[in-house]
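# Structural overview
Each chain, letter by letter, is given below.
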Amino acid sequence: MRNARALLGVWLALTMFIATGCSSDEPHQEVNLYSARIESLIKPLLDQFTEQTGIQVNLVTGNADELLQRLQSEGRNTPADMLLTTDAGRLHRAMEVGLLQPIDSAVLVEQIPASYRHSDGYWFGLSLRARPIMYVKGKIDPLELSTYEALADPRWKNSICVRSSSNIYNQSLTASMIAANGEEATEQWAKGLVANFARSPQGGDRDQISAAAAGQCDIAIANTYYLAGMLTSNDPQQREAAEKIAVFWPNQDDRGTHINVSGAGVINNAKNAENAIKLLEFLSSETAQQWYAEANGEYPVVANIAKGEVLEQFGEFRADPLDMKILGELNADALRLMDRAGWQ
Ligand code: FE
């Protein structure tokens, strides 16, 4: 009996050794990332991070609002250490409901310009997404284009394709216009814009570009990385459509073109906060920043990073320097205003 027990003890110790796979003096390093960015647009970078640091990244991807809800319901028990979203509005929302903690990192403060991160370190922008005007080459003379505001002019009746107001990109664009022009003027603008729609809003940004290429409208509003993605697509039809389209940078004589940031913050009560900070720092490194531009078609937040061929061809532009947190603060106002203007 005693022998049997001793044997059982040895067997248990052995299985535990096999299960954990190693001795205990080097604890397993990991970071749990909730990401609203789809896996293919972040995984290669995470793999590089793991290779460099030995820290494993456990990735949970999902819709941004669902991830926020999940974090709230998991509360203190959440396994998440870090939240990555593709817009500042969501990061602001996460901060407001107390999901994020302020991070003090000299690397991040040095790498990322102040306007692309929260002043108290609650979140950090990692790539820029520009939302310019796009037009069909040969159909529109770019000299006729100027600002987002001017798209409300009746001369553009039946000319414009843009996705629905339920999309955060349009909410943030509208929020930036409220910040620049006030609520009343922006409501008038939204009404004028809606009156110029070539069709009722449907599909995503790529669909607006395709619709313009197919002759359904002459002007689209879309994020540049969609056009970049189509230009470098394996699908010849996508490339052919994209080649008919050019980028126009609006508001270059005043505040600049509307941009948003994709970024991340560290979760309150994160169990692997230090690893999360290391990952944030890695994502602001030159290698990662270059990858964003070349593989994702987004603009680096860090200055003087090579942008790659496709972004170079879109040209240089002046970006609206508006503090990103305003986009979050004005989100609800923007949404109500778009609704009143009949922007479906
Ligand atoms: Fe997108």
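The rules behind the values
- Residues numbered from 1 in each chain as written.
- Predicted model: local features only at pLDDT ≥ 70, side-chain atom pairs only at ≥ 80, totals over all residues.
- Heavy atoms only, no water.
- Core = buried A, V, L, I, M, F, W, Y, C linked by side-chain atoms within 4.5 Å.
- Buried < 20%, exposed > 50% of the residue type's maximum accessible area, 1.4 Å probe, protein only.
- Contact = heavy atoms within 4.5 Å.
- Donors = N, O, S within 2.8 Å, 3.2 Å for Na, K, Ca; no water.
- Helix = DSSP H or I, 4+ residues; strand = E, 2+ residues; numbered from the N terminus.
- Domains from an automatic or database assignment.
- Buried area = accessible area lost by both parts, 1.4 Å probe.
- Phe/Tyr/Trp six-rings, centres within 6.5 Å; stacked < 30°, edge-to-face > 60°.
- Salt bridge = Lys/Arg side-chain N within 4 Å of Asp/Glu carboxyl O.
- Axes fitted to C-alpha atoms, helices over the stretch in contact; angles between N-to-C directions.
- Parallel < 35°, antiparallel > 145°, perpendicular 65-115°, else oblique.
- Left-handed = near helix turned anticlockwise from the far one by under 90°.
- Pairing = 2+ DSSP bridges.
- Right-handed = clockwise from strand over helix to strand, strands pointing away.

## So, the nonpolar core
For soluble globular proteins, the rule of thumb is that nonpolar side chains tend to be buried together. The biggest cluster of nonpolar side chains holds 113 residues, and the ones touching the most others in it are L145, L151, W189, L227, L279, L283 and F314. The contacts of L151, once residues within four sequence positions are left out, are I133, L145, W156, I160, L193, N196, I219 and I221.

## Some words on the coordination of the iron ion
Only Y169 (OH), Y225 (OH) and Y226 (OH) from the protein coordinate the iron ion, and they sit 2.0 to 2.1 Å from it. All donors of the iron ion come from a single chain, and their spacing in sequence reads Y-x55-Y-Y. Of the two residues, Y169 is situated in helix α6 (residues 168-181) and Y225 in helix α9 (residues 224-231); the sequence distance between them amounts to 56 residues. With a relative accessible area of 10%, Y169 lands in the buried category.

## Remarks on the domain arrangement of the chain
Per the domain assignment, the segments of the chain are domain 1 (32-129 + 260-307) and domain 2 (130-257 + 326-340). Placing the centre of domain 1 and that of domain 2 at their C-alpha centroids yields a distance of 27 Å. In this assembly, 13 residues from domain 1 lie in contact with 14 residues from domain 2. For the pairing of domain 1 and domain 2, the buried interface totals around 1,000 Å² over both sides, and the portion due to carbon and sulfur atoms is 58%. Considering only the side of domain 1, the residues that lose the most area to domain 2 are H92, R129 and Y299, jointly responsible for 45% of the buried surface there.

## Here we look at the packing of aromatic side chains
One pass over the full model with this rule turns up 8 aromatic pairs. Ring centres 3.9 Å apart and planes at 10° place the aromatic pair W249 and F317 in the stacked group. Of the two residues, W249 sits in the loop between β9 (245-248) and β10 (259-267) while F317 sits in the loop between α13 (309-314) and α14 (324-329), which places them 68 residues apart along the sequence. You can call W249 buried: its relative accessible area is 9%. Each residue in the set W189, F197 and W343 is aromatic and connected to the rest through ring pairs, giving one cluster.

## Focus: the pattern of salt bridges
Using the criterion set out here, one finds 19 salt bridges in the structure. Among the ionic pairs, R340 bridges to E183, the shortest N-O distance being 3.3 Å. Remark: E183 occurs in helix α7 (residues 183-195) and R340 occurs in helix α15 (residues 331-340); sequence separation between them is 157 residues. Judged by relative accessible area, R340 falls into the partly exposed class, the value being 42%. Taking relative accessible area as the criterion, E183 reaches 35% and is therefore assigned partly exposed. Across the pair K307 and E316 runs a salt bridge, and its minimum N-O distance is 3.2 Å. Since its relative accessible area comes to 59%, E316 is described here as exposed. One network of salt bridges, with partners in common, ties together D65, D87, R90 and R93.

## Side note on the packing of helix α2 (residues 43-53) against helix α12 (residues 286-296)
It is the contact of α2 with α12, at a shortest axis distance of 11 Å, that shows an interaxial angle of 165°. Comparing their axes, α12 and α2 come out roughly antiparallel. By crossing handedness, the relation of α2 to α12 is classed as right-handed. Contacts between α2 and α12 involve P44, L45 and Q48 on the former and, on the latter, T287, A288, W291 and Y292.

## Quick notes on the pairing of strand β2 (residues 56-61)
Of the pairings in the sheet, the one linking strand β1 (residues 30-35) to β2 comprises 6 bridges and is parallel in character. Bridge assignment links L33 to a residue of β2, and that residue is L59. Tracing the backbone out of β1, into α2 and back to the parallel element β2 gives a crossover that is right-handed.

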